[in-house]
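What follows is each chain in one-letter form.
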Amino acid sequence: MNTVLDMYRILPEVILTITGVLVMLVDASLAPFRSRRPLGWVAASGTTAAYAASIWQLSLPVGTGFSGTVETSPFTVFFHVLICGIVIVTLLLSLDTLPEDSHHQGEYYALMVFGAVGMCLLTSAVELLVVFIGLEISSISTYILAGYRKQTGKGPEAAIKYFLLGSFATAFLLYGIALVFGATGTTQVYEIARNVSSAPNQVLVNAALGMMLVGILFKVSAAPFHIWTPDVYEGAPSPVVALMSTAPKAAAFAFLLRIVYEMFPTLRSVWAPVLWIVAVLSMTVGNLAALRQQNVKRMLAYSAIAHAGYLLAAFAGFGSTGISAASFYIAAYAAMNVGIFAVITIAGGYGDERPLVQDYKGLLHRSPLLGSLLIFFLVSLIGIPFTGGFFGKFYSFSAAVGGGAVILAIIGLMNSGLAAAYYLRFALAAAQRSAEDEEASRMPSMQVGIAVGAALLLATAATLALGIVPGGTLRATEAGAHTLQAPPAASVVPADITATRANQ
Amino acid sequence: MDSTILTLILLVPLAGALVVALLPDRGKLPAWLALITTLATFVLTWHLPAHFNSSQSGFQFVVNRQWIESPAIYYHIGVDGLSLWLVVLVGLLGPVGVLASWNSITRRRKVFYSLFLVQQTAMYGVFISLDLMVYYGFWELSLVPMAILIAMYGRKDGQKAAMKFFLFTFIPSAPLLVAILYLYARTGTFNFSELRILVAAGSVPTDAAFWVALAFLFAFAVKVPVFPLHGWLADTFGEAPVAMAMVVAGKLGLYSMLRFHIGLFPVQAHAIAPLLIALAVIGILYGACLALVQRDFWRFLAFAALSHLSLITLGIYGFTFTGWSGAAFQILNNELIDAALFVLFGALEIRYATSEIAAYGGMANRTPRLATIFVVVSLAMIGLPLLNGFVGEFLILSSTFAGVNHGWATVATLGVILSAAYMLWLVQRVFYGQESRMAAAEPPNDLHLGEQLVLWPLAVLMLIMGVSPNLWLQSIETAPKPLVLQQARAASSIAQPDAVPVVSAGEVQR
C-alpha cells in the first residue's frame, strides 16, 4: 500500500481538518475581547487551499486508496471543487455579516470547515461505512450551525427539529447499509455492484435500496421527506442556510448518484419509478406550498424542495446523461441559491430584519446593486435562458426526455411555470416603488463590505458562467459521469479488501 | 462584415445596456445613451437590406459556430426574406421607443433604459436565431425586461398586469421547451434547416409530431395573441410603458408561427389550419366589437390590435403564398401603425393625464398637428388605398377568398368594415365635436419637435409602403418555401382538395 498516494487521495480533507483544528486552537488561545474575524479569513484561506488541492487531484491516477475506501476520480474532484467553492463563498458571506459580539464565532468558522470535511468525504468514499462517517460529520456540523442563533426562539427549534428528524433518517441509511451487507456480504461499493445480481435474497437487496433512498432523500429534502426544511431554514441564520441548502445537498446527491448508478444499476426498474414519483411529488408539493408563503426564507425552503424535484428528474436519464445532468444541476442550483441567500443576508442582516416578501418592496430603488442581483438570481431560479438555472433545468429535463420520461419533463416544466409565479412576485416586489421610497432613496445605500462583495461577485459570476458558457462544467460533469459508470479495474480492489479483512 | 453584422446588431444594444447600467442615473444621460445606441443599431440594420441578395432564396449573413458540445447547441444566426425586414423594424422601433419615453419616463431612467436595451437584444435574437435552443433562449429572455418594466411603471396595478403577462407567456413556453427537447432527442440537432429536412423525411413519428407541433403552436398563439388566449393583452396594454407596449404583441408570435410552426410542421399545421382560421375570424370580429365599446384608449388599442393580429393569423393559416407574403408584410405595417398610435395616445396622456376617451373632445382645434397625424395613421389602419395597411389586408383577404373559403373571407371583410367604424368613431369622439371641459381648461399644447421627429417619418413610411410595397414584398417572397409547399400540397391533395394553395407553376420553380 502506497501511503503517500493514499494521503494525496484525501488531501483536501486533510487540509480542511487541519484548518478547522487550527481555527479552534487559535480561538481558544485568543483573549475573549479580541475580534474573531481573522479566524474567518483563516478558514477561508484553508478552504481555498483545499479547493486548489482538489483540482490538483485530477493529476492523480484515478483509483482508490486506503484499502479501497476512498476514491479519486473526476467525479469526486467535481464535487470537492463544488463543495469547497460553496464553503468559501459562505465563509466570505459570514465574515461581514456575523455581528462582532456574537458568541462562539471561532466555532462557527471551524464548524463550517469541519462540515466541508464531512461532505467531501461523503462524495469520495466508496465504502459505505466511510460514507456514513462522512455523512455524520457533515450532519452534526450543520445541526449545530442551524441552531447558532440560540438567543432567538426559532434557532434552537430549528436545530432540534433538524437533529431529531436527521438522526432518524440517518438511522434508515445505516439500516440500509446493514441490510446490503447482509445481502451481499460487503460494504464496498464496487463489490456490492458486482455481487448484487447474484445475491441470494433479492428482497433484502430491495429493502436495503429502499432504506438507503429514504435516508438520502431526507438529506436532499425531497418530498415526502421534506417537512423539516421550512422550519430549519427559517430558524437558521441566512449564511448558514446558504451553506446547508446547497453543500450538504450536493454531497448527498453525489452519494445518491453512487447508490443508483454505481451500486444498483441493475435495479433500475425498481429505483427509477420510485425516483420518478418522488421527483413529481417534490416539485409539485414544493411549488404549491411556496406559492402561499409570505416569509422569504420559508418560500425559498419550499423552492429548494421543488428544485430537488427538478434535479431528481435527471435520474430518469440513462447512464452518463443522467449523471452529468444531475451534477450540472447541483452546481447551477448551488450558484444561484448561495447568491440569493447572500443578497438576503445583506439586505436582511444577521437578525433577519426583513422576513417577509413585502419587506423587499423598493429594494431595487434603495440599493440598485442588491436589487438587481436579487432579480438576477430569481430570474435564474425561474430558469430564464443565459443563466445557470436555465441550463440546469435544460440538461435535467433533456436527460429525462432522452430516458423516455416525457411526461415527467412536461410535469417538471409546467411546475417551473408555476414556480415563476412566486419568484416573480418576489422580484416584482423588489422592482416596485413603495410610498416611503422617495425619502429612502436619499438615505445612504446599504454598505457592502469586501468579503461580502467578493461572495456576491463569485456567486454572480458562477451563475452567469453556467448560463453562458456551460461547456467547461459540462465536460467536467461528463468526465465524472464516465468514472462513475466505469469503476476502476476490479482486480485491485478485492486484494486490498481481503488484506484488510485478514488483518482484522 | 457580412458574417459579423448580425452579431454586432445583437451586441450593440447589450453593450449599451451595460454602459447605461454602469454610468450614474443623472438627468437625461441614460436616455441620450439609449438613443445613441438604438440609432447606431438601426443604422447597422440597414446593412441587411442593402446587401441582401433577393435573387437568392435561403438564409444570408449566416454565422454557425459551435457553442456547446453536448447537447449540440450552435450559435447559428442568419436572416432570410421573412426575418430581414423584421430586424430592420426592430431597429426602427428602438429609437421610436426611446423618444416616446423621453418625457413620460421621468424616474429611474437608468433601470428603464438598460432593460429597454436588453429587450431590444432579445427581440433581434428571436428574429435571427436559426438554432432552436438559441431561439428559445431569446424568446424567454424577452419576457423578463417586459415584466419588470410593466411592474415598475404600471399606471394603476402594474404588478398584477406584469404577473399576468409573465405567466400567460411563460407557462406555454414549458411545453415548447419539452417539444424542442423531444425533437432533439429524436433527431440529434437543433438546427432549423436540418430539422426541416429531417421532420419532412419522417424522423419524428406522426402522432408525436402532432403533439410537438401543437406545443409550438400553443406557445406562439398566446404570444400573438390568438382568440381565446388574449387574456393578458388588455391589461398589458393598459399598464405597460408606451415603449414596451408597442413591441409586446404581434410580431414575435406571428413570425414564429410562419418560421417554426409552418416551417417545421407544414403537414400538422395544415391539418390544424381550419381551427386557426375559425379562431382568427372570431378574433377579428370579437376584437372589433369590443374595441367599439371600450372607454379607455389603451384597452381600445388592445382590442383593435387583437382584431388586426387575427387578420394576419388568418393570412398565415390560409396556406397560400399570397397570404404568407401578405401576412409577413402586414406584420410590418401593423407594428408601424401600432407604434404610431401608441406614441400619439402617449402624447395625449402625458398632456391631459387621462386615458379615458370620454374626457376628450374637440382636440383638433387644440392640437391640430396631433390630429392630422392621428387621422393619417387611422386611415392606414383602416386600410385606405395608397397607405400601407391596404396592401397587406388586400393580399390577405384576397388570398382567403381565393384559396380558403368565400364564407370566411366575407366574414373577415366584415371585420375590416368594423375596424373603420371603431377607428373613425374614435377620431370623431376625441378630435372633433364639442370641445370637452378638460380640453378647454388646458392651454393648447400641440406636438413638440421631438414627437414630430418620431411621427412624421412613420407617417411618410406608411405612405411609401402603401405606394410601392414591392420594395418589401420582393425580398419577403424569397423566404424559403419549396419544402413547405410540397408537403402542404401532399397533405392537401389527400385531405382537403378544396384548400390547394393558390400558386402558379412559376412560383413553384422559383
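The rules behind the values
Residues numbered from 1 in each chain as written. Chains lettered and ligands numbered in written order. Predicted model: local features only at pLDDT ≥ 70, side-chain atom pairs only at ≥ 80, totals over all residues. Helix = DSSP H or I, 4+ residues; strand = E, 2+ residues; numbered from the N terminus. Rg over C-alpha atoms; globule rule 2.2 N^0.38 Å. Contact = placed C-beta atoms within 7 Å. Buried ≥ 20, exposed ≤ 12 C-beta atoms within 10 Å, placed from the backbone. Expected span 1.5 Å × (residues − 1). Axes fitted to C-alpha atoms, helices over the stretch in contact; angles between N-to-C directions. Parallel < 35°, antiparallel > 145°, perpendicular 65-115°, else oblique. Nonpolar A, V, L, I, M, F, W, Y, C, P; charged D, E, K, R; others polar. Pairing = 2+ DSSP bridges. Left-handed = near helix turned anticlockwise from the far one by under 90°. Core = buried A, V, L, I, M, F, W, Y, C linked by C-beta atoms within 7 Å. Arc of directions from axis to C-beta. pLDDT = per-residue confidence, 0-100.

Points about the overall build of chain B
Piece 1. Looking only at helices and strands, chain B features 25 helices and 2 strands.
Piece 2. The C-alpha radius of gyration of chain B comes to 22 Å, within 12% of the 24 Å expected for a compact globule of 510 residues.
Piece 3. Its C-alpha atoms give chain B principal-axis dimensions of about 70 × 55 × 40 Å.
Piece 4. Considering only contacts in chain B between residues 6 or more positions apart, those separated by 24 or more positions represent 80%.

Comments concerning the overall build of chain A
Piece 1. Across its full length, chain A holds 23 helices and 2 strands.
Piece 2. Its C-alpha atoms give chain A a radius of gyration of 22 Å, within 12% of the compact-globule value 23 Å for 504 residues.
Piece 3. Projecting the C-alpha coordinates of chain A onto the three principal axes gives extents of approximately 75 × 60 × 40 Å.
Piece 4. Taking all 504 residues of chain A together, 63% fall into the buried category.
Piece 5. Considering only residue pairs separated by 6 or more positions, chain A has 79% of its internal contacts joining residues 24 or more positions apart.

Re helix 18 (residues 368–382) of chain B
Residue and element names in this part refer to chain B.
Piece 1. In this model helix 18 runs 21 Å from its N-terminal to its C-terminal C-alpha over 15 residues, within 8% of the 21 Å that 1.5 Å per residue would give.
Piece 2. Counting buried residues along helix 18, 11 of its 15 residues qualify, which places the element largely inside the surrounding structure.
Piece 3. Those residues of helix 18 lying buried are Leu-370, Ala-371, Ile-373, Phe-374, Val-376, Val-377, Ser-378, Leu-379, Ala-380, Met-381 and Ile-382.
Piece 4. Elements that come into contact with the buried residues of helix 18 comprise helix 16 (321–352), helix 17 (363–366), helix 19 (388–403), helix 20 (406–431) and helix 22 (449–467).

Section: the interface of chain B and chain A
Piece 1. Residue-level contacts link 30 residues of chain B with 28 residues of chain A.
Piece 2. Considering every element that reaches the side of chain B that touches chain A, the biggest residue donor is helix 8 (residues 173–187) of chain B, with 8 residues.

Considering the packing of helix 3 (residues 37–56) of chain A against helix 5 (residues 105–124) of chain A
Residue and element names in this part refer to chain A.
Piece 1. Interaxial distance between helix 3 and helix 5 falls to 9 Å at its minimum, and their mutual angle equals 10°. For the element pair helix 3 / helix 5, the angle class is roughly parallel. Only Gln-105, Gly-106, Tyr-109, Met-112, Val-113 and Ala-116 of helix 5 make contact with helix 3, whose side of the interface consists of Leu-39, Gly-40, Ala-43, Gly-46 and Thr-47.
Piece 2. Partitioning the contact of helix 3 with helix 5 into residue classes produces 6 nonpolar, 5 polar and no charged.

Some thoughts on the pairing of strand 1 (residues 60–68) of chain B
All names here are of chain B.
Piece 1. Summarising the sheet, strand 1 and strand 2 (residues 73–79) pair through 6 bridges and their orientation is antiparallel. What sits directly across from Gln-60, in strand 2, is Val-79.
Piece 2. Between strand 1 and strand 2, which pair antiparallel in sequence order, lie 4 residues.

Structural notes on the packing of helix 4 (residues 74–97) of chain A against helix 21 (residues 450–468) of chain A
Residues and elements named next belong to chain A.
Piece 1. Where helix 4 contacts helix 21, the axes come no closer than 7 Å and their chain directions differ by 150°. With respect to helix 21, the axis of helix 4 lies roughly antiparallel. You can see that helix 4 and helix 21 cross each other, and the crossing is left-handed. In this structure, helix 4 contributes Val-89, Leu-92, Leu-93, Leu-95, Asp-96 and Thr-97 to the contact, and helix 21 contributes Ala-451, Val-452, Ala-454, Ala-455, Leu-458 and Ala-459.
Piece 2. Looking at the contact of helix 4 with helix 21 residue by residue, the class counts come to 10 nonpolar, 1 polar and 1 charged.

Structural notes on the nonpolar core
Piece 1. Ranked by size, the top nonpolar core spans 403 residues in total, and within it Ile83(A), Ala409(A) and Val178(B) carry the most contacts.
Piece 2. Looking at this core element by element, the count peaks at 20 residues for helix 15 (residues 319–348) of chain A.

Brief notes about helix 21 of chain A
Residues and elements named next belong to chain A.
Piece 1. For helix 21, built from 19 residues, the straight-helix expectation of 27 Å at 1.5 Å per residue is met to within 8% by its first-to-last C-alpha distance of 26 Å.
Piece 2. Listed in full, the buried residues belonging to helix 21 are Ala-451, Val-452, Ala-455, Leu-456, Leu-458, Ala-459, Ala-462, Thr-463, Leu-466 and Gly-467. Looking down the long axis of helix 21, one finds its buried residues gathered within 160° of arc, a one-sided arrangement. Of the residues in helix 21, the exposed ones pointing more than 90 degrees away from the buried face are Ile-450 and Ala-461.

A word on the confidence of the model for chain A
Piece 1. Scored by pLDDT, chain A comes out at a mean of 87, with 93% of its residues at no less than 70.
Piece 2. Under a pLDDT of 50 for its full length, residues 489–504 of chain A has, in the predicted model, 15 contacts with residues more than four places off or in other chains.

Things to note about the confidence of the model for chain B
Residues and elements named next belong to chain B.
Piece 1. Counting all residues, the mean pLDDT for chain B is 84, and 94% of those residues have values of 70 or more.
Piece 2. Within the model, pLDDT remains below 50 along residues 493–510, and this stretch shows 25 contacts once partners closer than five positions in the same chain are excluded.
Piece 3. With pTM at 0.84, the complex prediction returns an ipTM value of 0.78.

With respect to the environment of Phe168(A)
Piece 1. Note on placement: Phe168(A) falls in helix 7 (residues 154–184).
Piece 2. Along the sequence, Phe168(A) and Gly215(A) sit 47 residues apart, while their C-alpha atoms lie 8.3 Å from each other.

Describing unusual backbone geometry
Piece 1. A cis amide bond links Ala223(A) with the next residue in sequence, Pro224(A), at an omega value of 0°.
Piece 2. Topologically, Pro224(A) is positioned in the loop between helix 9 (202–219) and helix 10 (228–235).
Piece 3. Here the residue pair Val224(B) and Pro225(B) is connected by a cis peptide bond, since its omega of -5° sits within 30 degrees of zero.
Piece 4. In this fold, Pro225(B) is placed in the loop between helix 10 (206–223) and helix 11 (233–239).

A short note on the environment of Arg292(A)
Residues and elements named next belong to chain A.
Piece 1. With respect to the helices and strands, Arg-292 occurs in the loop between helix 13 (268–291) and helix 14 (296–313).
Piece 2. With 10 C-beta atoms packed within 10 Å, Arg-292 lands in the exposed category.
Piece 3. Linking Arg-292 and Tyr-422, residues 130 residues apart in sequence, is a C-alpha distance of 8.3 Å.

Points about the environment of Ile373(B)
All names here are of chain B.
Piece 1. With respect to the element layout, Ile-373 can be found in helix 18.
Piece 2. Ile-373 gets classed as buried once you count the C-beta atoms within 10 Å, which come to 23.
Piece 3. Residues Ile-373 and Leu-455 lie 82 residues apart in sequence; the distance between their C-alpha atoms is 7.4 Å.
Piece 4. Not counting residues within four places of it along the chain, the set of residues in contact with Ile-373 comprises Leu-344, Leu-455 and Ala-459.

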